[in-house]
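One-letter residues, chain by chain:
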Amino acid sequence: MYERPHEIKRPPDEREDNFAFHPKNIYLALLLFSLSMLFLAMTAAFVYTRVQSDLPPIQLPLLFFLNTGILLASSYTMVQAKRAYQADKTVMYQRMLWYTLWLSLFFMIMQGVAWYQLFSQQIYVNSDNSAGYLYVISALHFAHVIGGLPFLLLFIHRARKYMREPVSVLVYFSDPDKRLNLRLLTIYWHFLDALWIYLVLFFLLNQLVWRYIG
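The present account deals with the structure reproduced in this document.

Cut-off values and rules
Residues numbered from 1 in each chain as written. Predicted model: local features only at pLDDT ≥ 70, side-chain atom pairs only at ≥ 80, totals over all residues. Heavy atoms only, no water. Helix = DSSP H or I, 4+ residues; strand = E, 2+ residues; numbered from the N terminus. Buried < 20%, exposed > 50% of the residue type's maximum accessible area, 1.4 Å probe, protein only. Contact = heavy atoms within 4.5 Å. Areas by Shrake-Rupley, 256 points an atom, 1.4 Å probe, with all protein chains shown as cover. Core = buried A, V, L, I, M, F, W, Y, C linked by side-chain atoms within 4.5 Å. Lys, Arg positive; Asp, Glu negative; His and termini not counted. Salt bridge = Lys/Arg side-chain N within 4 Å of Asp/Glu carboxyl O. Polar contact = N/O pair within 3.5 Å; in protein donor to acceptor, adjacent residues only side chain to side chain. Phe/Tyr/Trp six-rings, centres within 6.5 Å; stacked < 30°, edge-to-face > 60°.

What to know about the overall build of the protein
Now for step 1: Check the secondary structure of the protein and you find six helices and zero strands.
Now for step 2: Sequence-ordered secondary structure for the protein, helices as α and strands as β, is α-α-α-α-α-α.
Now for step 3: For the protein, the residues scored as buried account for 42% of the 214 residues in total.
Now for step 4: Residue pairs in contact within the protein that sit at least 24 positions apart in sequence constitute 84% of those at least 6 positions apart.
Now for step 5: Surface accessibility of the protein: about 12400 Å² in total, with carbon and sulfur atoms responsible for 65%.

Here you go:
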């Protein structure tokens, strides 16, 4: 019995291990480094300004912590999408991409609710320096989540377009460039997750230091 095209095991791609210095890898590394420096500079400026102004840090709404779990879940589904791609599981691959999209949109909605909770406490971006930095830093992270959505949608669109018949499925899964792009997108998603965890822990630590030392 002949194997169907999408069940034929792909031969190892020797180019897959030669992507370390691929331009896309370099672009992403530069982007992530720049973003890391930006957020480190902003959090350092927040500490300096707060100490100089002798202002207490803003208490984070509980939804900030819930949103951490949502982002962790989206990173998990991205990992599952990558594994499904490597295993040629078309249905699971598309499903995990959709889950990642819905979780990302859910994060954005819940972050909007968290900001609304701050508004309801009459804490606005211009209330004081502590509030201003909290809004600006969290909004910057929010913007970079939005920035990743078009690429995620592109993956979903291409998966739906090319995963309809065995031959096109085989071609799609055998494309080393698509594997590279998926790996880069997964790294970016993990970065957003790690960055959010850093920001939440940073603001939480500021609260604890103010409470026990200030």
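Looking at the nonpolar core
Now for step 1: Counting 55 residues, the largest nonpolar core has Tyr93, Leu97, Leu152 and Tyr172 as the members making the most contacts within it.
Now for step 2: When contributions to this core are tallied by element, the ones reaching two or more residues are helix 1 (23-53), helix 2 (62-86), helix 3 (90-120), helix 4 (129-162), helix 5 (166-173) and helix 6 (176-212).
Now for step 3: The biggest single contributor to this core is helix 6, with 14 residues.
Now for step 4: Excluding anything up to four places from it in sequence, Leu97 contacts Met78, Ala81, Leu152, Phe155 and Ile156.

Describing the side chain of Asp193
Now for step 1: Within the fold, Asp193 resides in helix 6.
Now for step 2: Buried within the structure, Asp193 lacks any salt-bridge partner; its nearest side chain of opposite charge belongs to Arg83, at an N-O separation of 13 Å.
Now for step 3: Within polar-contact distance, the side chain of Asp193 engages the side chain of Ser75 at 3.1 Å.
Now for step 4: In this structure Asp193 touches Thr68, Leu71, Leu72 and Ser75, once residues within four positions along its chain are discounted.

Points about the packing of aromatic side chains
Now for step 1: Considering all chains together, one arrives at 13 aromatic pairs under this definition.
Now for step 2: Centroid distance Phe64 to Trp196: 5.5 Å. Interplanar angle 20 degrees. Geometry classified as stacked. In this pair, Phe64 sits in helix 2 while Trp196 sits in helix 6, placing the two residues 132 residues apart along the sequence. Side by side, Phe64 and Trp196 carry an identical accessibility label, which is buried.
Now for step 3: Ring plane angle 20 degrees and centroid distance 5.6 Å describe the contact between Phe119 and Tyr135, whose orientation is recorded as stacked. One end of the pair, Phe119, is in helix 3; the other, Tyr135, is in helix 4, and 16 residues separate them in sequence.
Now for step 4: Here Tyr135 falls in the buried class, since its relative accessible area comes to 7%.
Now for step 5: The rings of Phe46, Tyr133, Tyr198, Phe202 and Phe203 are connected pair by pair, giving a single aromatic cluster.

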